[in-house]
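These are the residues of each chain, in order.
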Amino acid sequence: MIWFVLRLLLFRARRLLSMTVMAVFAGGLATSQAIAAADAQSVEPTAAPGAEGESSGQPQDNAAANDAGQPLEEGATTLSAEQITGRPDREIELEREAEVVRGTNTLNADRITYDIIRDEVEAVGNIRIQRDGDRFTGDKARLKFDTGTGYVTQPTYHLQLNNAQGKAEQVIFEGEDRARISQGTYSTCEGTDPDWYLSSSTISLDKGRDIGTASKALLYFKGVPILGTPYMSFPMSDARKSGILPPTFGTTSKGGFELTAPYYFNIAPNRDLTLYPKLISKRGLQLGAQARYLGERYAGETRLEVLPDDQVSKRDRYALSSTHRQSFGQGWSFASNLNLASDDNYPNDFSTTLTEADNRLLEREVQLSYVQSFWSTSLLASSYQVLQDPRDRISRPYDRLPQWTFRAAQQNVSGFDWSVISEVTGFSDPDRLPGASSTLNPGSGRRVVVNPRLSYPILYPGYFVVPQVSVHASAYDVDANGSASNSISRVLPTVSVDSGLIFERDTHFLGTKATQTLEPRLFYVYTPYKNQSDFPLFDTALSDFNFSQIFQENRYSGHDRISDANQLTAAVVSRYIEESGIERMRFALAQRYYLNQQKVISEQTSIDRSEDTKSDILAAVSGRINSKLSLDSSLQYSQTDKELSRANFGVRWQPGPKRVLNLEYRRDLATNPELKLIDISAQWPLARRWYGVGRVNYSLEEKEVAESLIGLEYKADCWVFRMVGQRTPTATGVASTALFFQLELTGFSRIGSDPLPELRENVPGYQLVNQL
């Protein structure tokens, strides 16, 4: 009798628990009512595998319903297996194709024991875990669902965030977003034998902060250890974080081998600091720092480099660059730009780019501004440090101590547009000796300028006419040759009329529907002549002659020279515009005609063209011939000399991704008779996974290479290697060569010197080889 009762109880329990339907426990604990309902429910035994209507045994959708057809509660635990035994109120054993699902977490194994009271599972055999998209495998695991803690032994893992994977002796889950890997590896390469991987005694992964750290780490590349460190951190996404950045290394002709070990401080989301000590084999240890900050009303950046006791020059070397912009509200703002260097040769010895080498005029400027709806005023003080090229010396610009400026303008005031500019400036050149001063270039002086303008624009869709009148009034108080101040002044009116027509027609351009425009334009200017040879030259020079300047009233920049004018500029522009509104091609032609002889010729120019009755002809063609080919060219032809005084032809062919060829020819007899250059740059695939990149700037006059760059890039599935050599002129007859090496480990770090800024600057259209 007792045996019969036991058999009956066991049959009821097995009939209830061995089914392959879901057993649902809200929050991991079944209520007494749920247990009673489940016990009272009549459930037939599960059909054998393969029979019609059998359960799939696969993970169930979290949106599944219970047997009563009600949706599962959030946080419910779903169990399934081929065989389920145990007590629903305490512990359940799942065997064969066992699965436990809670939210976005899934555990599969050969055998799982679920402790309902502690909400904890223990699994053995063929472990498969999914946590918020991350996947883990192993041979034994223990998980506590309510805290997200647990472990898995002999695991492999794959992280969804950055496609990282690896293996270890054990992975310990320290929370929902944190895990610790013991005696493991880390790599973003796929496969069992990755090209590169990080091996470490302990790897900590924090998905919440997107940070990974490793202790006693070795970085292997192609099976060879290339970097070892007792501690390192790395990003798990593109988010910024504090830590040691990968070292950079390279070589230059001026410094020899260079090794930089930067450290990055992510002080706040809007502030950071980078320290970058650099070991330069020929010179010593250079210390560098870069600080950046960004606020709602302010922003700035400061960069400082110091090389104590340079082993070559036997002196301390340093450079500083700092910018700051700030808005105080209610129209007030402040800006500063401070730059300095220890000596003239600093760009020669420490520059690796042409931009840095050319930066020989270091400005120091502070400005306070106030802006209202139609007027503004500012107070500025500026000075300069000139880093002289011994073979091509330049004059030091005057300091402005200070300059007060007032501007105001309004449009459509009863049909009129008006504006006024007023300046009061004090100029000083502390390097100019009193005896060397002259009227043109005095040691100091003061200038007051008032320049009002009034125009009446007549604008219609097919044409425009803009008559304008302006007055330029200026007064000077000049100190020259140590004598008393000389006061001089002038008032010059200017009248101009700008006019044009706009014609359109529907047409085709190389088989594509387009609208062609024809836009003739006439621009007349009259300014009476005044002898200005006694006026100083504080900040004025002859403007470059181009399409922008040809429609200006004054041939000079600045206020110290006002050109006399009785001239007419004629121009015509034709455009091809696609239906989408994109300008496909542009053709332009322009020339200026002088109705009177030019008399105001700047003392700074050595070319006297005052007797010319017309200017050089300007012509330009630019645009996109098709999706692969574009061009940009301009010509300046002198009818007097019967030759091209300036020419610039540029063509770009870009037939596909990572394929670009640029060809440019430059000639400039107007400013430099010896300037005849051919510039060729390209990025092109050389073989499978190999890309070449290069640039050559060749002087036809001197028959030598002025500037060059050549590099190779290799793109693997999870890493990119770059090797780039560059020759950069740093002064007249002086050049610096540099060699860059970089290994980019996708999703992990870049090791070596970064050549990407140089590649983008030297090769227009350059694309990252690992960019889709």
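The preceding data block contains the structure.
Below is a summary of the structure that appears in this document. As the structure is a prediction and not an experimental result, all values here were calculated from the model. (Residues numbered from 1 in each chain as written. Predicted model: local features only at pLDDT ≥ 70, side-chain atom pairs only at ≥ 80, totals over all residues. Heavy atoms only, no water.)

Observations regarding the side chain of Arg490
1) Next: By the secondary structure assignment, Arg490 is in strand E33 (residues 486-501).
2) Next: Within the buried set, Arg490 has no salt-bridge partner at all; the shortest N-O distance to an opposite charge, 5.3 Å, is to Asp560.
3) Next: A polar contact of 2.9 Å, which involves the side chain of Arg490, links it to the side chain of Gln532.
4) Next: A polar contact of 3.1 Å, which involves the side chain of Arg490, links it to the backbone oxygen of Asp560.
5) Next: In this structure Arg490 touches His472, Ala473, Ser474, Tyr476, Lys530, Gln532, Phe535, His559, Asp560, Arg561 and Ile562, once residues within four positions along its chain are discounted. (Helix = DSSP H or I, 4+ residues; strand = E, 2+ residues; numbered from the N terminus. Buried < 20%, exposed > 50% of the residue type's maximum accessible area, 1.4 Å probe, protein only. Lys, Arg positive; Asp, Glu negative; His and termini not counted. Salt bridge = Lys/Arg side-chain N within 4 Å of Asp/Glu carboxyl O. Polar contact = N/O pair within 3.5 Å; in protein donor to acceptor, adjacent residues only side chain to side chain. Contact = heavy atoms within 4.5 Å.)

Some remarks on the packing of aromatic side chains
1) Next: Counting across every chain of the model gives 27 aromatic pairs.
2) Next: Their ring planes at 35° and their centres at 5.2 Å tell us that Tyr714 and Trp719 sit as a pair that is tilted. This pair shows no difference in class: Tyr714 is buried, exactly as Trp719 is.
3) Next: An aromatic cluster of three or more residues is present, and its members are Trp332, Tyr370, Trp375, Trp404 and Phe406.
4) Next: Sitting over the ring of Phe551, Arg521 keeps its end group 3.7 Å from the ring centre.
5) Next: Over the ring of Tyr529 we find Lys599, and its NZ or CZ is 5.2 Å from the ring centre. (Phe/Tyr/Trp six-rings, centres within 6.5 Å; stacked < 30°, edge-to-face > 60°. Lys NZ or Arg CZ within 6 Å of the ring centre and 35° of its normal.)

Here's the deal with the side chain of Gln598
1) Next: Take Gln598: it is sitting in the loop between strand E39 (583-594) and strand E40 (617-624).
2) Next: Engagement of the side chain of Gln598 in a polar contact is seen with the side chain of Arg555, the distance being 3.3 Å.

Some points on the state of the cysteines
1) Next: Taken as a whole, this structure holds 1 disulfide when the rule is applied.
2) Next: Here Cys189 is linked by a disulfide to Cys718, with a sulfur-sulfur distance of 1.7 Å. Across the disulfide from Cys189 to Cys718, rotation about the S-S bond amounts to roughly 80°, and the bridge is consequently right-handed. Of this pair, Cys189 sits in the loop between strand E12 (178-186) and strand E13 (196-206) while Cys718 sits in the loop between strand E46 (704-715) and strand E47 (719-731); the two residues are 529 residues apart in sequence, bridging distant segments of the chain. The exposure classification of Cys189 matches that of Cys718, with both residues buried. (Disulfide = S-S within 2.5 Å.)

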